[in-house]
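# Architecture and fold: a report
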Amino acid sequence: DADESFKGPMQSKAEQCLANAVREDPSNGSALRLYGAVLLEAGKFEKSEVMFRAALALELPAAEPDSKAEQELADDVLAEPLPLSNTLLCLQLMATGQHTPARACLSAAVKGHQQRLLKNGAPLDVLGKPKRTAGAVALDAVEFLVEGCLPGMARRALELFETCEKASKVKCDERGLVDAMPAWLKQREKRLTASLLLLEDSSQTDPAQSEAFAA
């Protein structure tokens, strides 16, 4: 369902601004992702999927001249786009009950995140388990959605993070391993949770205090 707080003239203005941006520059991946997120927050699922897939298409490597259009892309190729693009599409697919393709998108986001760690010379064990990496990319989506003032989908992204963390702990328990969320990841979760709570309930910020800061 669309987030009730995201209905009204501001929603229409945001959609129109972003629609104009992607019409003027269809290769603007950032605008496509944000437009898709705004549409998704408003419950416009089909249109949001179109935007997210357009962003992904921009980030995929060009197909070879002799490749067939229907040929399945290899896992490494699917991981080429920004992990955020795959995570946002994952959230859209989850919202529409398409859980199997949603898991595939999240897996591609995880692989893409790992590939970027390797390219930057960082060890993969900075996060360790794939499920924990899935939680990290979910938090990336939370941050993106909070910055875009989209509380409904930010909450869903945070729930995805929590699901990934629970799955990581279960795996460790099954294998008799000690599991602990990295301190930096725990701090990031707390910070983003606080930001989301403030976004969900603006009354937590005293208007008089805001005016004092603005003075």
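Residues numbered from 1 in each chain as written. Predicted model: local features only at pLDDT ≥ 70, side-chain atom pairs only at ≥ 80, totals over all residues. Heavy atoms only, no water.

### Here's the deal with the layout of surface pockets
A water-sized probe rolled over the atoms picks out the places where empty space is left. Cut-off, in case you're wondering: Cavities and pockets were defined on a 1 Å grid built over protein atoms only: a cavity is a set of grid points that admits a 1.4 Å probe from which the probe cannot escape, a pocket is an open set flanked by protein on both sides within 12 Å along at least five of seven lines, and lining residues are those with an atom within 4 Å of any such point. Grid points are joined across faces, edges and corners, and a volume is the space filled by probe spheres set on the points. Helix and strand definitions follow DSSP, with helices as H or I runs of at least four residues and strands as E runs of at least two, each counted in order from the N terminus. Lys, Arg, Asp and Glu make up the charged group, whereas Ala, Val, Leu, Ile, Met, Phe, Trp, Tyr, Cys and Pro make up the nonpolar group; the residues left over, Gly among them, are polar.
The volume enclosed by the second largest pocket comes to roughly 330 Å³. Elements with a contribution of two residues or more to the lining of the second largest pocket: α5 (83-95), α6 (99-119), α7 (130-147) and α8 (151-175). In terms of residue count, α6 provides more of the lining of the second largest pocket than any other element does, 8 residues in total. Class assignment of the residues belonging to the lining of the second largest pocket gives a composition of 10 nonpolar, 4 polar and 3 charged.

### Here we look at the nonpolar core
Selection criterion: Think of a nonpolar core as a cluster: buried Ala, Val, Leu, Ile, Met, Phe, Trp, Tyr and Cys residues, connected wherever their side-chain atoms sit within 4.5 Å. Exposure is judged per residue with a 1.4 Å probe applied to protein chains only, and the accessible area is read against the type maximum: over 50% gives exposed, under 20% gives buried, and values in between give partly exposed. Residue contacts are defined here by distance: any two heavy atoms, one from each residue, within 4.5 Å place the two residues in contact.
With 47 residues, the main nonpolar core has L91 and L145 as its most contacted residues. When contributions to this core are tallied by element, the ones reaching two or more residues are α1 (9-24), α2 (29-41), α3 (45-59), α5, α6, α7, α8 and α9 (183-200). The element contributing the most residues to this core is α7, with 10 residues. Leave out the neighbours within four places in its chain, and L145 touches A37, L88, L91, L150, M153, A154 and A157.

### Quick look at the environment of L158
Along the chain, L158 falls in helix α8. Given the relative accessible area of 1%, L158 is considered buried. In this structure the C-alpha to C-alpha distance between L158 and E143, which are 15 residues apart in sequence, comes to 9.5 Å. Setting aside anything within four residues of it in sequence, one finds L158 in contact with L139, V142, T193 and L196.

### Some remarks on the packing of α6 against α7
We apply this condition: For helices, the axis comes from a line fit to the C-alpha atoms of the stretch in contact; other axes are also lines fit to C-alpha atoms, and the angle between any two N-to-C directions lies between 0 and 180 degrees. Reported orientations rely on four angle classes, namely roughly parallel under 35 degrees, roughly antiparallel over 145, roughly perpendicular from 65 to 115, and oblique for the rest.
For the pair α6 and α7, interaxial distance at closest approach is 9 Å and the crossing angle is 95°. With respect to each other, α6 and α7 are oriented roughly perpendicular. Together, L106, A109, V110, H113 and Q114 of α6 and P130, T133, A134 and V137 of α7 make up the contact between the two elements. Taken together, the residues of the contact of α6 with α7 break down into 6 nonpolar, 3 polar and no charged.

### Some remarks on the side chain of E15
This is how it is decided: Polar contact criterion, stated in full: a pair of N or O atoms within 3.5 Å, where within protein one must be able to donate a hydrogen and the other to accept it, and residues adjacent in sequence count only if both atoms are side-chain atoms.
Summarising the element assignment, E15 is placed in helix α1. Here E15 falls in the buried class, since its relative accessible area comes to 10%. For E15, the side chain forms a polar contact with the side chain of Q11, separated by 2.8 Å. Beyond its immediate chain neighbours, meaning those up to four positions away, E15 contacts Y35, V38, L39, A42 and K44.

### Quick word on the confidence of the model for the protein
We count it as follows: Confidence scores labelled pLDDT are given residue by residue by the predictor and lie between 0 and 100.
Averaged over every residue, the pLDDT of the protein is 81; the share at 70 or more is 75%. Confidence scores differ between elements of the protein, with helix α10 (residues 207-214) showing the lowest mean pLDDT of 44 and α2 the highest of 96. Between residues 207-215, whose pLDDT stays under 50, and residues either more than four places distant or in other chains, the model counts 1 contact.

### Re α8
To keep things clear, this is the line we draw: Multiplying one less than the number of residues by 1.5 Å gives the expected span of a helix.
Between its terminal C-alpha atoms α8 stretches 36 Å, which fits the 36 Å expected from 25 residues at 1.5 Å a residue. Looking at the buried residues of α8, the elements they touch are α2, α5, α6, α7 and α9. Phi turns positive, to about 70°, at G176, one or two residues after α8.

### What about the pattern of salt bridges?
Stated precisely, the cut-off is as follows: When a carboxyl oxygen of Asp or Glu is within 4 Å of a side-chain nitrogen of Lys or Arg, the pair counts as a salt bridge.
The final tally for this structure, using the stated rule, is 9 salt bridges. In this structure, E165 engages R132 in a salt bridge whose closest nitrogen and oxygen atoms are separated by 2.8 Å. With a gap of 33 residues between them, E165 in helix α8 and R132 in helix α7 connect regions that are remote in the sequence. Under the relative-accessibility criterion, E165 is labelled buried at 5%. Note that E143 and R188 form a salt bridge whose closest N and O atoms lie 2.6 Å from each other. Highlighted residues: E143 in helix α7 and R188 in helix α9, separated in sequence by 45 residues. Look at the salt bridges and you will find they share partners, linking D140, E143, R188 and R191 into a network.

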